[in-house]
Structure formats: structure tokens, C-alpha cells
Amino acid sequence: MALKLIQRIPFRIRCYPAGSVRPLSTSSQVLCVTCLCTSAGRCIRIWGCRKLLQDSVTRSLTTIVREPAFITSSSVGIHRDSVPRFCLTQLHRPTAIEEQSFLHRLETCSSSRQIFRLLRSVEIMSDTMAAAALHRVADLEQEGGALTNPTVLEEATIRALCFQLEQDSGRLTNAGLVSALLACTRLYLDPWSTLMVRLMSESQARLDRGEMTIGELCTLGQAILAIEGPGSVMLEQLMEQIQRQELSNWSLADLVAVYRLLQGGVGVDRKYRDLLNAMHSHAVTVTSRMDPAAVSGVLGALVTLNQMQAMPLVINLCKQAVRHVPHFTDEELTHVLGALMHFGHSDHYFMGAMEKYVPTVAFTSHPETITKVMQFFGRRNILSPPVFDAIAESFVYRADDYSTSQVARQIMAFGKLGYLPPNAGQVFRKVETILHTRFSHFQPRTLLNLLHACILVERFPVNFVSKVFSSYFLQQLQEQSMGIDRAALAQLTQLYMTVKLECPFYEGPKLLPKYRVKSFLMSGRSLETPVDPHLYNSVKTGLVDLLGDRSYFGSKVLTPYCYTLDVEIKLDEEGYVLPASQTDDVYKRIALCIDGQKRFTSNLRQLLGKEAIKQRHLRFLGYEVVQIPYFEFEKLQSKTSMVEYLHQKIFPHTYRLSW
């Protein structure tokens, strides 16, 4: 009779969308018609009741459906005689050597099938080994917030392993328990499945008893975040226990684990600020003992938590990163470079280590790592020919495997620093080929950044500029960014100026006036660097002595061509200086570019790309450009030497008059 009732009850697959939070409760009453059990801990909603399981040993794993993955059915059965049997021993655990050997073999597995084969070959297994196997399956199958192959959960081996973890949940070690729970969240198992409920219930019981170490609490916290989100009451209880622990007694692994937990969502909205500040102070004293993973992990956490006040720690971590540069994994190095860009920090020793390391891996590192290297050097205005030349060489051979974003970001670094590698011809022919074959794959803003970077180094993408000036592209650009911002309009304007000035054969569409800016000098992403005030004042004093009066030169003059001149001097046909206010009878205009340190790369005296194109365009427009670089002018000690220097620069073929 009971079986007939059970057959009438529809078994439904619970599928929850990504990001949904289902709070777990172990006190809800569920009535089972077979065993009349009212304990949710013994009678499971999804997998059936315990008594039925003893009769038929039929079980199922259900997963959370995460877009775009879609699981049509996750109901599977385990039959007593057809699956592996696992015994998670506690009395006679594997030795440390045996466990390390297993973990090493597990790490070499490149597919879930290999993992299952390894599991079936193991005679003695601990709970931590079982959890590690589940984690490795997740490593191989996870992609984009879902499993690439959800049917992997229907494999007999993994179902048997999960069944044993469920049966032995009360006998698992703390480390094995929390690790298994976290692995289940990474496999997107249904939070209301038997296994998950039992693991959560057991974890709650042990948390109540205060039995867990810092590391175990952090692992449990990661699992709770995945199941219930940062507002979980259980998570708050866990954090209270962590804060009660004396920070000086934490191991280095504990410190890194807490950073990762806070990074995962616990520390958002400035929660636990006092704990974080105490951790920063303690971390400064132990950075010298951090391995590559720890350095990368802590820096990544500082970025996520936006800990701008932790600069002493960032500086120490950068120093420690110097010795680890050759030993970072691609992912770790990517995080380190991203963090140093975020905090705006680098040092000479780190750059030296990168210059030695990057050329050796330019052809083998992950594309995103190579791209991040270029972004880092570009963002910090550091021109390293060994790094740029090696990456330029690898670009020719590897660019077909790069995403459009990676292609654009690498070329943008060349453009920003105004550097052309020895194989520039090959590099930009490759860029042109990619534009031809994958033009429609580029996001509008990415494409604009790429084309603009090309003109900064005198490479003119004429075949594609016409498409950028089309109304269709401009509409796409507007839709992508909810309107075209001023920086994008400035790039479009400079692109248009470039083809008009430097590509007279261009006959494509024009950029409509409504998309043009009147000045390239703006806050934020300006296409000009403002003049250095201190250097400008020194030059101005010398010019007054040279020309006889302040009225004979203009300052910060906005031209009709969008560029702002630091100083403009007007001459008549006979070479006499005219007052700055005079507009008639102007035969010649001299543009003084007072170039401070920020207009050059930080390590070499080379103009940035945006300053080089400005001076190039001014010459095309008829100006005589006179460059006053800081490294020449700052050497002058006396007023007389300054005036003499300016005379030689501005009027090299005339005698200086005395006023």
C-alpha cells in the first residue's frame, strides 16, 4: 500500500537559477508515507526516504541549473551490486606519504574519467582524499558558473562516493567535512539534497561546539557563501569565532584563508573593518615568508576589498613578489599585475625581474597573462624594449588565438608609450588581418581603442576608419555605453584629424560635427597632458626676460584644432615678435611644448604617444614646434643660462637683444 502511495507522488527535479539563495533549515517537518519519519535529517525530500533506500538503494544527485547550462534530468539510480563501494576509514587512515601520493596523482588527472579510474584503484581512502577528488572534478568541469558536462554527476563512481560521504557524515573529520561541503557547492549540487543537508547539519553542530580551526572555519565560510549568501546567520556566527582568535597565533595559511573569505563577499560594504586593519598590520610582519600563492591571494583580496589604506602592505608584497616572479603561475602573475595597477605601485626591482622573466615565456604564457603584462607596463608608463620586443614577436605568431579584447589591449600599450618594435611591420600587418577577418567580433569601444592606438604610432587604419565614422557604428557605440562619453568623442575627433592631415588620399565619410570635441584637454582620460605648473612658471620667467614683456606670448592657448598650446609666440613676415593679442599680419606661429616628466615614459626619455601625435599634428598645421624638455631645462642653474637656453631654442639663427 505504501509503495502504491509512493508511486503516485511525483518526483520533481529542483532547479534553482544562478545566484539564488535557498536558506537551509534542519527543523522543518516532512512526513514520509513509508517510514512515517518526521525528521528532515532522516527523510530526504529529493532522494526519497531512508527505509526505501535500504530496500532498493536507489538514489539521485540533483544540481542547480545555471544559465546557459540546462539540465533536463538529473535523476539517477545507484544499485548495490553495480557500483564501486568506498570505505572512508577513520581508524586506519592512509599515511601522510600515501595521501600526498594520491593528491599528486589526482593533480595529474586531466579528465573526470581519469579521476574515476584513480578512485577505483585506491584501496584505502580518507575523507580529505574523497573531498579532494570532488574538488578536482569541479576544477575540470566548471566553466562560467556551471558544469560543462552535468552528466558527470551520473557516473557510478561519484555517486557512490557521495553516498558514502552522506552515510559517514557524522564520522568525518572537521577538515574532511567542510572540504566535502565546499566541493559539493562547486559541483552545484542541490542545497536540499540529502548529502548537502546532512553535511550542513553536521557542520552547524560542530560550529556550535566551537571545534573548528581558523582554516576549517574559512573553508566552511566559503561553502556557506555559495549556499546562503553573505547575509547568512551561520556565517556571522563563524566570523565571531574567527574574530575571537588571537591574531598573533594565526598561521600564515590561516591569514591568507581569512583574506580569501573576506574577499569572497563577507567583507563587502566595509564590514569587519577593524579585523581587516589588524590583519594588514600583522601581514606586513610576515610577508617575507609568503609563497607565490599567498602573495597573489592577499593582493587579490586587497583589490576586491579596495583597501587603499593598506599601501604599506602592498609595498611589502611587491618586494616579496620580486623573488617569486619566475615561480608565479600565469593566473597568480595576472592577479599580482592587476593589483599593482589598481594601487598604482611598482618598483625598480620588480621591473627588473619582469624584464628577465617575460621574454622567456612570451610564447608560452596564457594570452591573458601576456596582455596583463602589456597593460601593466602601459598603465605605469614604463617602456621596456626587451619586454615589448619579445611580446611583439610572439604577437605575430599567437594573435590568432587571442580574443579581440586581448589584441586591442596589447596594441594600446604600444600606442600609449609611442613605441614601435623592430618587427612593427609584421605586427601591424597581423593587426590588419585580424581586423579583416574578425571585424564584426570587436565591441565598438574596443575597436575604437585599437584604431586610436594605431594612429599614435603613425599606423593609419584607413580601410576601417570609414566604418567607424558610419552612422551604424556610432549608433552601436552609443548603445554600448548608454551614450558616447567625451573621451570616446575625443578619440573619434583625433582619428578624423589624422586621416585629414596625414592621409590626404582618404575619401571616405566624414565625422559629423556633432561628434567632434573642441578641446582634447579634459579631466580623466585626456588626449593631452596638462603642462607642469612649476616648469611652466620657470619658463615663463625666462621668456619675459627674453622677449622684454609678458604681452609678447600667449599661455595655454586653445587652437581651432582642439590642441592647447603651452606657449604661443607670433612673428610677422620680417621675424619680429608680435603681441599675443594681435591677429593681423601674423606670418609665423611658434608653439612651445613645455614637456614635464609626465609627458615622457617614466624610465626613458621618450614622449608618450599622445604627446608625439600632438607635436606631429601641430607641424602639419603650420606651427613651428619648439620642445622644452624638463631634463634639459632643470639643469640650468642661473637666470642668465635660462634666458640663453630659450634664445637658442626659439631663435637659433638670430642675435639676442638686451632689454
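Residues numbered from 1 in each chain as written. Predicted model: local features only at pLDDT ≥ 70, side-chain atom pairs only at ≥ 80, totals over all residues. Heavy atoms only, no water.

**Details of the overall build of the chain**
Along the chain, the regular secondary structure elements total 28 helices and seven strands. In the chain, which comprises 659 residues, the proportion classed as buried is 54%. Partitioning the contacts of the chain with sequence separation of at least 6, the portion at a separation of at least 24 is 70%. (Helix = DSSP H or I, 4+ residues; strand = E, 2+ residues; numbered from the N terminus. Buried < 20%, exposed > 50% of the residue type's maximum accessible area, 1.4 Å probe, protein only. Contact = heavy atoms within 4.5 Å.)

**A word on the packing of helix H13 (residues 292-304) against helix H14 (residues 311-324)**
Where H13 contacts H14, the axes come no closer than 10 Å and their chain directions differ by 150 degrees. Crossing of H13 against H14: the hand is left-handed. On H14, the residues touching Pro292, Val295, Val298, Leu299 and Leu302 of H13 are Leu313, Val314, Leu317, Gln320, Ala321 and His324. Residue classes in the contact of H13 with H14 are distributed as nine nonpolar, two polar and no charged. (Axes fitted to C-alpha atoms, helices over the stretch in contact; angles between N-to-C directions. Left-handed = near helix turned anticlockwise from the far one by under 90°. Nonpolar A, V, L, I, M, F, W, Y, C, P; charged D, E, K, R; others polar.)

**Structural notes on helix H18 (residues 385-398)**
The first and last C-alpha atoms of H18 sit 19 Å apart over 14 residues, in line with the 20 Å expected at 1.5 Å per residue. By the burial criterion, the buried members of H18 are Val387, Phe388, Ala390, Ile391, Ala392, Ser394, Phe395, Val396 and Arg398. Buried positions along H18 lie against helix H16 (348-361), helix H17 (367-379), helix H19 (404-417) and helix H20 (424-438). (Expected span 1.5 Å × (residues − 1).)

**Description of the environment of Ile569**
Tracing the chain through its elements places Ile569 in strand E4 (residues 564-571). Since its relative accessible area comes to 0%, Ile569 is described here as buried. Sequence-wise, Ile569 and Leu547 are 22 residues apart; in three dimensions their C-alpha atoms are separated by 9.9 Å. Excluding residues within four positions of it along the chain, Ile569 makes contact with Leu543, Leu547, Tyr552, Phe553, Val577, Lys588, Arg589, Ile590, Leu592 and Ile650.

**Remarks on the packing of aromatic side chains**
Centre-to-centre distance and the angle between the planes together describe a pair of aromatic rings. Under the counting rule described, the total for this entry stands at 14 aromatic pairs. Here the aromatic rings of Phe388 and Phe414 are separated by 5.3 Å at their centres, their planes lie at 80 degrees, and the arrangement is edge-to-face. Of this pair, Phe388 sits in helix H18 while Phe414 sits in helix H19, and the two are 26 residues apart along the sequence. Assessed through its relative accessible area of 2%, Phe414 is described here as buried. Ring centres of Phe600 and Phe631 lie 5.5 Å apart, and the angle between their planes is 65 degrees; on these two criteria the pair is classed as edge-to-face. (Phe/Tyr/Trp six-rings, centres within 6.5 Å; stacked < 30°, edge-to-face > 60°.)

**Some points on the pattern of salt bridges**
One pass over the full model with this rule turns up 20 salt bridges. Between Lys639 and Asp545 there is a salt bridge, with its nearest N and O atoms 3.0 Å apart. Here Lys639, found in helix H28 (residues 639-650), pairs with Asp545, found in helix H25 (residues 533-547); they are 94 residues apart in sequence, far enough to count as distant. Here Lys649 and Glu632 are joined by a salt bridge, their closest N and O atoms 3.4 Å apart. In this pair, Lys649 is assigned in helix H28 and Glu632 in helix H27 (residues 630-633), connecting sequence segments 17 residues apart. (Salt bridge = Lys/Arg side-chain N within 4 Å of Asp/Glu carboxyl O.)

**Re the pairing of strand E7 (residues 624-629)**
Each regular strand carries side chains that alternate between the two faces of the sheet. In terms of strand pairing, strand E6 (residues 588-595) meets E7 through six bridges, oriented parallel. Along E7, the bridge assignment pairs Ile594 with Ile628. The parallel pair E6 and E7 is bridged by helix H26 (residues 609-620), and the resulting crossover is right-handed. (Pairing = 2+ DSSP bridges. Right-handed = clockwise from strand over helix to strand, strands pointing away.)

**Some points on the packing of H20 against helix H21 (residues 444-456)**
Close contact between H20 and H21 brings their axes to 12 Å; oriented N to C, the two are set at 150 degrees. Taken together, the axes of H20 and H21 lie roughly antiparallel to each other. In this structure, the crossing between H20 and H21 has a hand that is left-handed. Facing H20, whose interface residues are Phe428, Val431 and Leu435, H21 presents Leu447, Leu450, Leu451 and Cys454. Partitioned by chemical class, the residues of the contact of H20 with H21 number seven nonpolar, no polar and no charged. (Parallel < 35°, antiparallel > 145°, perpendicular 65-115°, else oblique.)

**A closer look at the environment of Arg516**
Its location among the elements puts Arg516 in the loop between helix H24 (486-502) and H25. Remark: the alpha-carbon pair of Arg516 and Gln491, spanning 25 residues in sequence, is separated by 9.1 Å. Each residue touching Arg516, except ones within four places of it in the same chain, is listed here: Thr493, Tyr496 and Leu511.

**Regarding the pairing of strand E3 (residues 554-558)**
Strand direction decides the pairing type here: E3 and E4, joined by four bridges, are antiparallel. Counterpart to Ser555 in the pairing with E4 is Val567.

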